[in-house]
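What the coordinates show
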Amino acid sequence: MIKVKNRKILLLPGDGIGPEVIREVKKIIEWFNKNKSLDFKIEEGLVGGASYDKHKNPITDEVFYKALESEAVILGAVGGPKYDNLEFSKRPERALLKLRKELKLFANLRPAICFEQLVAASSLKPEIISGLDIMIVRELTGGIYFGEPRGIEAIENNERKGVNTHSYTTSEIQRVAKVAFDLAKKRNNKVTSCEKSNVMEAGVLWREEVQALKDKEYPNIDLSHMLADNCAMQLLRNPKQFDVIVTDNLFGDILSDEAAMLTGSLGLLPSASLGAKDKNGKTRSMYEPVHGSAPDIAGKNIANPIATVLSLSMALRYSLDLDIEADLLDSAVQKVLDDGIRTKDIMSSGKKEVNTSVMGDAIISKLK
Ligand code: NAD
């Protein structure tokens, strides 16, 4: 069998439960190296509070350049109460923002998949969410979170005014719509684009540019447009009507959290952030669980590693062209859940509770 050579994966464990869940991912990559003729070079680096503790900086240049050179970056989580009072530029999240900005990660992919074994964990009725499999593509580097002018200013009558600017250009809209259309081609060819074109000019532009790209380059995609507030309602009423949803930074932030929560536990939700292609045609990317550093359970070996394991699966699929290995890993997770093996956060009566490392081992045993 031919070995895939010289592929670098950078693991950034970070803070809290980050090192515990990344440890399981590392075991799985090592298993793939040994048993599936892959040859990933695993590198590791400090990020967030862990980097601040050692270097007084949430991400060093050395780690940042390692990220630039890697085919995929997989991050655990950053932050924790110990760092809450640091000045803004030293805070753990600055590392994430720097990576997202400098790697130009403009498309955030958040799948909302309902595992049959965990249907009962959702707050919605089983028939509404059973079999749910949708993908939200959120624009990540533009819109109101970054637009200028911004700030808080004093105005007359002793009042203050807070200002943020929502703006998008044709190319910003079309590059993220392209990611959504390309994903839909691998799924069910269906995309719903969400904005507020009824009240915002930037929303009118969003709708027109997404439609123009579809007409020009994606004739076979079934594209519909929906107002973002209606989408929020439809996600609760009938989420299975969606396949891929594409939307801007602000609406995507809210809709992706809402969609994610349809499925039950934070410990199961992966994400991918994709950027532009570099000069060698490779897409820059970063993969991370949706959850944070969970300081309340850190160091106890009880965190659920599945969100991070599924983030590795997304890396195999979207950055490393290893769909077969990604399918294998996804189905190993399914089989473990079929066997009734659960970490504490998804435990229910009659199931077997295991800790983080045993869950990782159980997933590996199903890869075999
Ligand atoms: P959190 O996601 O860390 O935790 C919320 C709750 O979910 C906690 O009760 C936690 O124990 C539980 N939980 C989360 N992940 C779990 C897992 N894998 N297994 C089992 N239980 C899990 O959110 P929070 O408490 O609001 O934030 C804690 C810290 O994480 C803060 O410093 C915050 O800034 C940071 N944070 C970081 C990221 C990131 O690194 N991308 C994202 C969100 C929050």
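Residues numbered from 1 in each chain as written. Predicted model: local features only at pLDDT ≥ 70, side-chain atom pairs only at ≥ 80, totals over all residues. Heavy atoms only, no water.

1. Brief notes about the overall build of the protein chain
Here is the rule we go by: Note on conventions: DSSP H or I runs of at least 4 residues are helices, E runs of at least 2 residues are strands, and numbering of each starts at the N terminus. Here the globule rule reads 2.2 Å times residues to the power 0.38, and the radius of gyration is calculated from C-alpha atoms. Burial status follows relative accessibility: with a 1.4 Å probe on protein chains alone, a residue under 20% of its type maximum counts as buried, one over 50% as exposed, and anything between as partly exposed. What makes two residues a contact is simply this: any of their non-hydrogen atoms within 4.5 Å. Counting rule applied: Lys, Arg positive; Asp, Glu negative; His and chain ends not counted. Working definition for charges: the position is that of NZ of Lys, CZ of Arg, CG of Asp or CD of Glu.
Scanning the protein chain from N- to C-terminus turns up 12 helices and 14 strands. Since a compact globule built from 368 residues should have a radius of gyration of about 21 Å, the 21 Å found for the protein chain is in line with a globular shape. Oriented by its inertia axes, the alpha-carbon framework of the protein chain measures out at about 60 × 50 × 45 Å. Burial status across the protein chain gives 52% buried among its 368 residues. Considering only residue pairs separated by 6 or more positions, the protein chain has 73% of its internal contacts joining residues 24 or more positions apart. The averaged location of the 52 negative side-chain charges in the protein chain is 5 Å from the averaged location of its 52 positive side-chain charges.

2. Remarks on the packing of helix α11 (residues 323-338) against helix α12 (residues 356-367)
Note the following rule: Axis definition: a line fitted to C-alpha atoms, limited for helices to the stretch in contact. Angles are taken between N-to-C directions and run from 0 to 180 degrees. Roughly parallel means an angle under 35 degrees; roughly antiparallel means over 145; roughly perpendicular covers 65 to 115; every other angle is labelled oblique. Each crossing is labelled by how the near helix is turned from the far one, with a counterclockwise turn of less than a right angle marking it left-handed and a clockwise turn marking it right-handed. Lys, Arg, Asp and Glu make up the charged group, whereas Ala, Val, Leu, Ile, Met, Phe, Trp, Tyr, Cys and Pro make up the nonpolar group; the residues left over, Gly among them, are polar.
At a minimum axis distance of 8 Å, the contact between α11 and α12 shows a crossing angle of 120 degrees. In terms of orientation, α11 lies oblique with respect to α12. Viewed along their axes, α11 and α12 form a crossing whose handedness is right-handed. Contact residues: α11 offers Leu 328, Leu 329, Ala 332, Val 333, Lys 335 and Val 336, while α12 offers Met 359, Ala 362, Ile 363, Lys 366 and Leu 367. For the contact of α11 with α12, the class distribution of residues is nine nonpolar, no polar and two charged.

3. Some words on the site of the ligand
For the record, the criterion: For this purpose, a residue is taken to be near a molecule or strand whenever a single non-hydrogen atom of the residue falls within 4 Å of it. Whenever a nitrogen or oxygen atom comes within 3.5 Å of another N or O atom, the pair is scored as a polar contact, on the condition that within protein one atom can donate a hydrogen and the other can accept it, and that pairs from neighbouring residues in sequence are kept only if both atoms are in side chains. Accessibility throughout is a Shrake-Rupley quantity obtained with a 1.4 Å probe, and a residue counts as covered only by protein chains that appear here.
Near the ligand you find 19 residues, and of these Val 78, Gly 292, Ala 294, Asp 296 and Asn 304 are the closest. Between the ligand and Glu 288, the relevant distance is 3.4 Å, taken from a nitrogen atom to a side-chain nitrogen or oxygen of the residue. Its free accessible area being 810 Å², the ligand has 66% of it covered by the protein chains. Along the lines of polarity and charge, the residues of the shell around the ligand split into nine nonpolar, seven polar and three charged.

4. Concerning the environment of Ala 112
With respect to the helices and strands, Ala 112 occurs in strand β4 (residues 107-113). Separated by 169 residues in the primary sequence, Ala 112 and Gly 281 place their C-alpha atoms 29 Å from one another. Beyond its immediate chain neighbours, meaning those up to four positions away, Ala 112 contacts Leu 132, Asp 133, Ile 134, Ala 259, Ala 260 and Thr 263.

5. Section: the domain arrangement of the protein chain
Just so we agree on the cut-off: Boundaries of every domain are those given by an automatic assignment or by a domain database. Two parts placed together each lose some accessible area under a 1.4 Å probe, and adding up what both lose gives the buried area. We define a salt bridge as a side-chain nitrogen of Lys or Arg found within 4 Å of a carboxyl oxygen belonging to Asp or Glu.
Partitioning the protein chain into domains gives domain 1 (1-109 + 265-368) and domain 2 (133-262). Of the residues lining the interface, 11 residues belong to domain 1; the matching set on domain 2 comes to 13 residues. At the boundary of domain 1 with domain 2, total buried surface from both sides reaches about 1,200 Å², with 72% on carbon and sulfur atoms. On the domain 1 side of the contact with domain 2, Phe 106, Asn 108 and Leu 109 bury the most area, a combined 49% of that side's loss. For the interface between domain 1 and domain 2, the tally reads zero salt bridges. Inspection of the region where domain 1 meets domain 2 yields two residue pairs in polar contact (both at pLDDT 80 or more). Counting residues per element, the ones that place at least two in the side of domain 1 that touches domain 2 are β4 and α10 (306-318). For the side of domain 1 that touches domain 2, the leading source of residues is β4, giving three residues. Here the residues of the side of domain 1 that touches domain 2 are counted per class, giving eight nonpolar, two polar and one charged.

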